[in-house]
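Okay, here's what each chain looks like letter by letter:
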Amino acid sequence: MLKKFWNSLNKKNDNTNEEIIEKDDLKAEEENLENANKDEDINANDMNEDDKEVIEEESIVESVEENIEENIEENIEENIEENIEEASLNDNVEAGKIEEMSLNQAESDMDEEQPQKNLGFFAKLKEGLSKTTQNLTGKLDELFKGHIEIDEELYEEIEEILITGDVGFETTLKIVDMLRKNVKKKSIQDVKEVREELKLIVEEILSGDDSNLKLEPKPAILVIVGVNGVGKTTSIGKIAMRLKSEGKSVLLAAGDTFRAAAAEQLEVWADRAGVELIKHQEGSDPSAVIFDAISGAKARNTDVLICDTAGRLHNKKNLMQELAKIFRIIDREYPEATKEVLLVIDATTGQNAINQVKIFKEAAPLTGIILTKLDGTAKGGVVLSIKSEQQLPIKLIGVGEKIEDLQDFNAKDFAKALFSSN
């Protein structure tokens, strides 16, 4: 449109110039025919009129040109500003991609009103265990419906279902043995009552007075260990937000100095939780970070210090040496602190989680387990193996991506949710 207008304007200018030239020729001929004085006056008058017309036309052209230039400059400036804003936005988006999906999800969970909050912890637990329930107790329910009497075949099929449900061989034998004895002791005759007895045995195995986080007396220090990818950083962030919401002062230590962007990810959580973070450069000594963090916690009179650690398993010897050095620093510099050493386990790994527990028990004085991603697996039966075979309490379980989905472990609620009918 602008180009068309400009061409029209140029065409008008050409026509105007042609008219001026013709009028100039006519005036020249009149000068030769008439006397000098008269011609001079006439030409002077004609020239004044022509000059006025030309000046007016030139003014119009200049005015239009100025308007066009101004519009072009304004459009260019607007486009430049829009492009700058869009480029800046794109840069911010790319920068935000440092954090994993779990983080973006966590931010969304904080901002959005979730109707599921009204469901309560038990409903969320039941929903989170739905895959395990279908794989384990769903098969048990089908088994009990198909049996009329309590016989050896029933016990054998219970064993098979528990083993395939990632309960583990040793734990399965223990459960079935306890079931046999209880059925005989209580003179149970109805197959339906066997199911309830099995539920009570599961609850008994998982029960323990040490399942709650020990944060008293203050100050307290939580050391979080585990292999890369199990959800250590996310768990630390959720714990920090939870403790901060309870009115506790929290300080984070970015002790995983070997994994790329580990400190940056933890820093995002620290910002969201509104807590401070102690970090060093990537590749620095993890024990130095913990030392500085303890000094910072003392200076700030912090209630809870939460320490991240490296999760490399490719060299077991180095892992043990690094963790041993960290715990020497803690024992020497923070002897008065209440200590929790929590191993984060990904529930989707099933029985492989037992091997991780064994390795980290050799490297660190574990006091409990954080079991994540229970909502994404049918292998939740591994909880029983960890508690029964490794004698470690389950402290926290993750049954979803939301902040509130990292729950305190409750054996009674877990067993109830696991054996609940849909």
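Residues numbered from 1 in each chain as written. Predicted model: local features only at pLDDT ≥ 70, side-chain atom pairs only at ≥ 80, totals over all residues. Heavy atoms only, no water.

Caption draft 1: Summary view of the overall build of the protein chain. Along the protein chain, the regular secondary structure elements total 16 helices and 8 strands. Across the 422 residues in the protein chain, those meeting the buried criterion constitute 45%. Taking as baseline every contact in the protein chain between residues at least 6 positions apart, the subset at least 24 positions apart corresponds to 75%. For the protein chain, the exposed surface amounts to about 22500 Å²; the carbon and sulfur share of it is 48%. (Helix = DSSP H or I, 4+ residues; strand = E, 2+ residues; numbered from the N terminus. Buried < 20%, exposed > 50% of the residue type's maximum accessible area, 1.4 Å probe, protein only. Contact = heavy atoms within 4.5 Å. Areas by Shrake-Rupley, 256 points an atom, 1.4 Å probe, with all protein chains shown as cover.)

Caption draft 2: Examining the sheet that holds strand S2 (residues 250-253) more closely. The strand order S3-S2-S4-S1-S5-S6-S7-S8 describes an open sheet built from 8 strands, whose pairing is mixed. Each of the sheet's edge strands pairs with one partner strand only, and the pair in question is strand S3 (276-278) and strand S8 (406-408). Strand-to-strand twist across the sheet, computed as the mean angle between neighbouring axes with direction ignored, equals 25°. In this structure, strand S7 (residues 394-398) lies alongside S8, joined through 3 bridges in antiparallel fashion. Paired with Ile397 across the bridge in S8 is Gln407. Sheet contacts for helix H12 (residues 286-300): S2, S3 and strand S4 (304-308); angle to S2, the most-contacted strand, approximately 165°. (Pairing = 2+ DSSP bridges. Axes fitted to C-alpha atoms, helices over the stretch in contact; angles between N-to-C directions.)

Caption draft 3: Just a nonpolar patch on the surface, in detail. Taken together, the side chains of Ile163, Phe169 and Leu173 present a nonpolar region at the surface, about 280 Å² in accessible area. Within the secondary structure, Phe169 is located in helix H8 (residues 169-185). (Patch = residues over 30% accessible without salt bridge, like charges linked within 9 Å, V, L, I, M, F, W, Y side chains within 5 Å. Salt bridge = Lys/Arg side-chain N within 4 Å of Asp/Glu carboxyl O.)

Caption draft 4: Spotlight on the nonpolar core. If you look at the biggest cluster of nonpolar residues, it comprises 104 residues, and the most contacted ones within it are Ile158, Leu252, Leu305, Ile306 and Phe414. Excluding anything up to four places from it in sequence, Ile306 contacts Leu222, Ile224, Ile236, Ile239, Ala240, Leu243, Val250, Leu251, Leu252 and Ala253. (Core = buried A, V, L, I, M, F, W, Y, C linked by side-chain atoms within 4.5 Å.)

Caption draft 5: The packing of helix H6 (residues 137-146) against helix H9 (residues 191-206), seen in detail. Two elements in contact, H6 and H9, have axes separated by 8 Å at closest approach and are oriented at 155°. By the angle between their directions, the pair H6 and H9 is classed as roughly antiparallel. In the crossing of H6 with H9, the sense of the turn from one axis to the other is right-handed. Taking contact as the criterion, the partners of Leu140, Asp141 and Phe144 in H6 are, on H9, Val191, Val194, Arg195 and Leu198. Class assignment of the residues belonging to the contact of H6 with H9 gives a composition of 5 nonpolar, no polar and 2 charged. (Parallel < 35°, antiparallel > 145°, perpendicular 65-115°, else oblique. Left-handed = near helix turned anticlockwise from the far one by under 90°. Nonpolar A, V, L, I, M, F, W, Y, C, P; charged D, E, K, R; others polar.)

Caption draft 6: Structural context of the pattern of salt bridges. The full count for this structure, using the stated rule, is 17 salt bridges. The shortest N-O distance in the salt bridge between Asp308 and Lys232 comes to 3.1 Å. With Asp308 in strand S4 and Lys232 in helix H10 (residues 232-245), this residue pair connects regions lying 76 residues apart in the sequence. You can call Asp308 buried: its relative accessible area is 1%. Overall, Lys232 belongs to the buried group, its relative accessible area being 5%. Here Asp285 makes a salt bridge to Lys325, at a shortest N to O gap of 2.9 Å. On the criterion of sequence distance, the pair formed by Asp285 in the loop between S3 and H12 and Lys325 in helix H13 (residues 316-333) is long-range, its members being 40 residues apart. Accessibility expressed as a relative area gives 34% for Lys325, which makes it partly exposed. Members of the salt-bridge network, linked through shared partners, are Lys232, Asp256, Arg259 and Asp308.

Caption draft 7: Main features of the pairing of S7. The element S7 is largely enclosed, with a buried count of 5 among its 5 residues. Relative to S7, strand S6 (residues 368-372) runs parallel, the two sharing 3 bridges. Each residue of the ladder has a partner; that of Ile370, found in S7, is Leu396. In terms of handedness, the path from S6 via helix H15 (residues 382-390) over to S7 forms a crossover that is right-handed. (Right-handed = clockwise from strand over helix to strand, strands pointing away.)

Caption draft 8: Region of the structure containing the environment of Glu322. When you line up the elements, Glu322 lands in helix H13. For Glu322 and Ser287, which are 35 residues apart along the polypeptide, the C-alpha to C-alpha distance reads 7.5 Å. Once residues within four sequence positions are removed from consideration, Glu322 is found in contact with Phe258, Ala310 and Arg312.

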